[in-house]
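What the coordinates show
Okay, here's what each chain looks like letter by letter:
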Amino acid sequence: MSVLQRISERDAFAQLSHFRMDFYGCLSARADAFFELTDALLCADGPVKTPVELSLTAEHRRGYGSLYAALNHGRLDADRLRELLAGLPLPRFDGRLVLTVDVSPWLRSDAACSPERLFCHVHGRSRAAAQIIPGWPYSFIAALSPGRTSWTAILDAVRLGPEDDAAAVTAGQLRAVVERLIAAGQWLPGDRDILIVMDAGYDVMRLAWLLRNLPVELVGRLRSDRVLRLPTPPRVYQPKGGRPPKHGPEFRLAKPETWPEPAVTTANDTGRYGKAEARAWDRVHPRLTHRSAWIDLDGELPLVEGTLIRLKVEHLPGDRDAPPVWLWSSRTGATAADVDFVWSCYLRRFDLEHTFRLFKQTLGWTRPRLRNPEAADRWTWLVITAHTQLRLALPLARDQHKPWEKPHRAGTLTPTRVRRGFRNIRPQLGCPARAPKPSRPGPGRPSGSRNRRPATRYDVGKTVKRPETLTERDQAQR
């Protein structure tokens, strides 16, 4: 082992140890049970089937009752933990931060006594297999890594409630994350704007307007049936007078005859998608006509201009047909290098799906049958903390592949393989949790007696109807 490798491993040990100590400082009530539960989550053999099985691991020295007591009655400082995550080293694309935001549901179809559930759209293997299932949707923000990888750095998670406006909550969540990154020194004046990529489920143009005073560039995918507007043409003299046009001609994404000559055209050869052709049009914007999404804005609706990008690749992996992808960037005046950078970063957005799969299939994020959404929030943060420790332990882990698995060299392991070797790393990190005190469980409800306090049942769905006109808004505020 070289001297440089030893120094890097020593720094990685120190960083992981400091994170564990800082994480313990974010816990107050039931802190020791929280910490040992996270260690059991990291050191368990195989996927987590149910949280109660974690109490059987050697790292969890307490009884199974303390596990659920911590989730139901413990206290965790989520704001302090968010600041801790923002201060960790983050991956970059040529020195530029790239974030992504997406929603993943915790499905609770049979939990009629759990409050604040919403109807969550679940994708199937085909369009006909999509379903609407009750659950708790969580909005995640993560920093992406360059290249093909299954690693992402989770920075924040917020549960969407029945009274929340998804776009407003997402805008507030992104604003808080960017401000924490700036406060932690991750972005300095003079650096390139933080790039935020998102899928078609978000109103990227509304988010760009809400975050216009931050050093960010938003990129989102558009539906192929959208109708946008080109820049306003130069003003000419009208003999009959009249108001000058505010919007240019229509740009129908589904009708090529409405497309003018692109401002930028690029072509690149990729090993995974074949030849990739991108065409971009500058200052393309929507014509806003409805007040429902802009009900809090007084005066005229804004003109949100950006760069429209059409990406067409030869094929998808597996020689599947690839329909064109339409992207919209909040930056105007993009060059050919900017266009290629934007669509290449957007393709990395799908790495977050690997993190969701790890959360649900390996770390057992949606396995607990918790009644209160506050307990689900605490468990979610424990899973995020465990995933962060796996990311920090990547330089320290050694490959423990099974005989039928392909070996990987150090530093290129997947999160699942890092978790296999975390039990060997943990003894060198130390454990701030104190030893459990001897206790005896309570008697509980006498055998044969009935429950005299039945749980309350809750409806599913939104509970607040938002005004769609200014008149309805003013009447609601009276």
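Notes on the structure follow. (Residues numbered from 1 in each chain as written. Predicted model: local features only at pLDDT ≥ 70, side-chain atom pairs only at ≥ 80, totals over all residues. Heavy atoms only, no water.)

Some points on the packing of aromatic side chains
Here is the rule we go by: Aromatic pairing here means that ring centres of Phe, Tyr or Trp (its six-membered ring) are within 6.5 Å. Orientation follows from the plane angle: under 30 degrees is stacked, over 60 is edge-to-face, and everything else is tilted. Buried residues are those whose accessible area, probed at 1.4 Å on protein chains only, stays under 20% of the maximum for their type, while exposed residues exceed 50% and partly exposed ones sit between those limits. Counting as a charge over the ring demands two things of the Lys NZ or Arg CZ atom: a distance within 6 Å of the ring centre and an angle within 35 degrees of the ring normal.
Enumeration over the complete set of coordinates arrives at 17 aromatic pairs. Ring centres of Y346 and F350 lie 5.9 Å apart, and the angle between their planes is 80 degrees; on these two criteria the pair is classed as edge-to-face. For Y346, a relative accessible area of 3% corresponds to the buried category. By the ring-pair criterion, three or more aromatic residues cluster together here, those being W106, W136, Y138, F140, F356, F359 and W365. A cation over an aromatic ring shows up here: R212 above the ring of W209, its NZ or CZ 3.9 Å from the ring centre. The ring of F350 is capped by R349, whose NZ or CZ atom sits 4.5 Å from the centre of that ring.

Things to note about the pattern of salt bridges
Two side chains bearing opposite charge may form a pair once their charged atoms approach each other closely. For clarity, the cut-off: Counted as salt bridges are all cases of a side-chain nitrogen of Lys or Arg within 4 Å of a carboxyl oxygen of Asp or Glu. The helix and strand labels rest on DSSP assignments: H or I over at least four residues marks a helix, E over at least two residues marks a strand, and numbering proceeds from the N terminus.
Applying the stated criterion across every chain yields a total of 30 salt bridges. In this structure, the salt-bridge partner of R426 is D39, at a minimum N-O distance of 2.9 Å. With R426 in the loop between α11 (422-425) and α12 (470-477) and D39 in helix α2 (residues 31-43), this residue pair connects regions lying 387 residues apart in the sequence. According to the relative accessible area criterion, R426 is buried, its value standing at 18%. Through salt bridges with shared partners, a single network forms among D32, E36, R61, R62 and R434.

Observations regarding unusual backbone geometry
For E116, which is not glycine, the phi dihedral falls at a positive 65 degrees. Residue position: E116 is located in the loop between β1 (98-107) and β2 (118-122). You will see that R283, though not glycine, has its phi angle at about 60 degrees, which is positive. The topology assignment puts R283 in strand β10 (residues 274-284). Owing to a relative accessible area of 35%, R283 belongs among the partly exposed residues under this scheme.

Observations concerning helix α8 (residues 351-362)
The condition is simple: Expected helix span is computed as 1.5 Å times (number of residues minus one). We call two residues in contact when some of their heavy atoms are within 4.5 Å.
Its 12 residues give α8 an end-to-end C-alpha distance of 16 Å, which sits within 8% of 16 Å, the value for a rise of 1.5 Å per residue. Buried within α8 are the following residues: D351, L352, T355, F356, L358, F359 and T362. Buried-residue contacts for α8 involve β1, β3 (131-143), β4 (153-159), α9 (373-392) and α10 (415-420). Once α8 ends, the next one or two residues include G364, with phi positive near 65 degrees.

A look at the side chain of T38
The topology assignment puts T38 in helix α2. Among all residues touching T38, those that are not within four sequence positions of it are F23, L382, A386 and Q389.

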